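Notes for the structure review
Residues per chain are reported as follows:
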Amino acid sequence: MADTAPTARRRSPLADAAPRLAAATRSSRGALRLAELPFLAQVDVRLDAKGPTADAVGLTLGLQLPLEPDTVVHAGEVTAVWLGPDEWLVVGRPGTERDLESRIRAAAGDEPIAVTDVSAQRTTLLVGGPRARDLLAHGCALDLHPRAFGPGRCAQTTLARAQVVLVAREETRAGFWVLVRSSFAGYLADWLLDAAVEYV
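All values derive from a computational prediction rather than experimental measurement.

The next thing to look at is the sheet that holds strand β9 (residues 162–168). Strand order in this open sheet of five strands is β1-β7-β10-β9-β8, and the pairing throughout is antiparallel. Strands at the two margins of the open sheet, each flanked by one partner only, are β1 (33–37) and β8 (154–159). Each adjacent strand pair in this sheet contributes to an overall mean axis angle of 30°, direction not counted. With five bridges joining them, β9 and strand β10 (residues 176–181) adopt antiparallel strand pairing. Looking at the pairing, Val167 lines up with Trp177 of β10. Here helix α1 (residues 18–27) sits on the sheet in contact with β1 and β7 (122–128), set at roughly 155° to β1. Against the sheet, helix α5 (residues 182–195) makes contact with β1, β7, β8, β9 and β10, and its axis sits at roughly 135° relative to β10, the strand it touches most.

The next point concerns the state of the cysteines. Taken as a whole and judged by the stated rule, the model has zero disulfides. No disulfide involves Cys140; its sulfur sits 13 Å from the nearest other cysteine sulfur, which is in Cys154. Exposure remark for Cys140: the relative accessible area of 9% places this residue in the buried category. With a relative accessible area of 2%, Cys154 lands in the buried category.

Within the fold, Leu179 resides in strand β10. It is 19 Å that separates the C-alpha atoms of Leu179 and Leu100, two residues lying 79 residues apart in sequence. Dropping the residues within four chain positions of it, Leu179 is found in contact with Gln42, Leu89, Arg122, Thr123, Thr124, Gln163, Val164, Val165 and Val167.

What follows covers the pattern of salt bridges. For the coordinates displayed, the defined rule picks out nine salt bridges. In this structure, Glu77 and Arg93 form a salt bridge, with 2.7 Å as the shortest nitrogen-oxygen distance. Linking Glu77 in the loop between β3 (72–75) and β4 (78–84) with Arg93 in the loop between β5 (87–92) and α3 (97–108), this pair joins segments that are 16 residues apart in sequence. Asp99 serves as the salt-bridge partner of Arg103, at 3.2 Å between the closest nitrogen and oxygen. With Arg103 and Asp99 both in helix α3 and four residues apart, this pair spans about one turn of that helix. For Arg103, a relative accessible area of 26% translates into the label partly exposed. For Asp99, a relative accessible area of 40% gives the class partly exposed. Among the ionic contacts, a cluster of salt bridges with common partners joins Arg46, Asp86 and Glu87.

Moving on: the pairing of strand β2 (residues 41–46). Across the six residues of β2, five count as buried, placing the element largely inside the fold. Alignment of β2 against β5, held across six bridges, turns out to be antiparallel. Residue pairing for β5: Val43 is matched across the bridge by Val90. Looking at chain direction, β2 and strand β6 (residues 114–117) are connected through four bridges and run antiparallel. Across the sheet, residue Arg46 finds its bridge partner in β6, namely Ala114.

Formed by 32 residues in total, the largest nonpolar core has its most connected members in Leu135, Leu136, Val178 and Leu188. Looking at this core, the elements that each hand over two or more residues are α1, β7, α4 (132–137), β8, β9, β10 and α5. In terms of residue count, the dominant contributor to this core is α5 (seven residues). Leave out the neighbours within four places in its chain, and Leu135 touches Leu32, Leu34, Val127, Trp191, Leu192, Ala195, Ala196 and Tyr199.

The rules behind each value
- Residues numbered from 1 in each chain as written.
- Predicted model: local features only at pLDDT ≥ 70, side-chain atom pairs only at ≥ 80, totals over all residues.
- Heavy atoms only, no water.
- Pairing = 2+ DSSP bridges.
- Helix = DSSP H or I, 4+ residues; strand = E, 2+ residues; numbered from the N terminus.
- Axes fitted to C-alpha atoms, helices over the stretch in contact; angles between N-to-C directions.
- Contact = heavy atoms within 4.5 Å.
- Disulfide = S-S within 2.5 Å.
- Buried < 20%, exposed > 50% of the residue type's maximum accessible area, 1.4 Å probe, protein only.
- Salt bridge = Lys/Arg side-chain N within 4 Å of Asp/Glu carboxyl O.
- Core = buried A, V, L, I, M, F, W, Y, C linked by side-chain atoms within 4.5 Å.

Here is the structure:
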């Protein structure tokens, strides 16, 4: 029997906020760039960092899993974010979560590993532009100066009291990724827009 169930179109947590984020970006005259990066693939990986599985997984992803706390490794369209001594978040382009998950599992073989697709758990806000650090500093207790939190750094922290994973992107002027739980995304977008008023 044919499947006749209607197919629901995917809707990002910040679809309604997109016009306001774009308007704030335009109004800031280049000082800020605010946007949602919807549907990024996000796969949580737990394994023994000192075992052979870490090398095998890194090889299949084309990067070495970061071993230094609060660091990020980026290669091509894949980013590995250090979350703990035995935990990483592997981020890829939208729609690649199943491929990432299967490649990681295949690389591990019979070795102990936990691989979980958490793509639906969070969305990602891009905060870029010359005033991005100033904007984030309004609601984040971390020292965001480039000497302390430069490109390739990450942290699990709070922004405006919302739990986030903050990633300083490695590309020049790429800004920050703010990975936030979908249920808090609207609140955080509103907070960013309110805090951005002084720059628009």
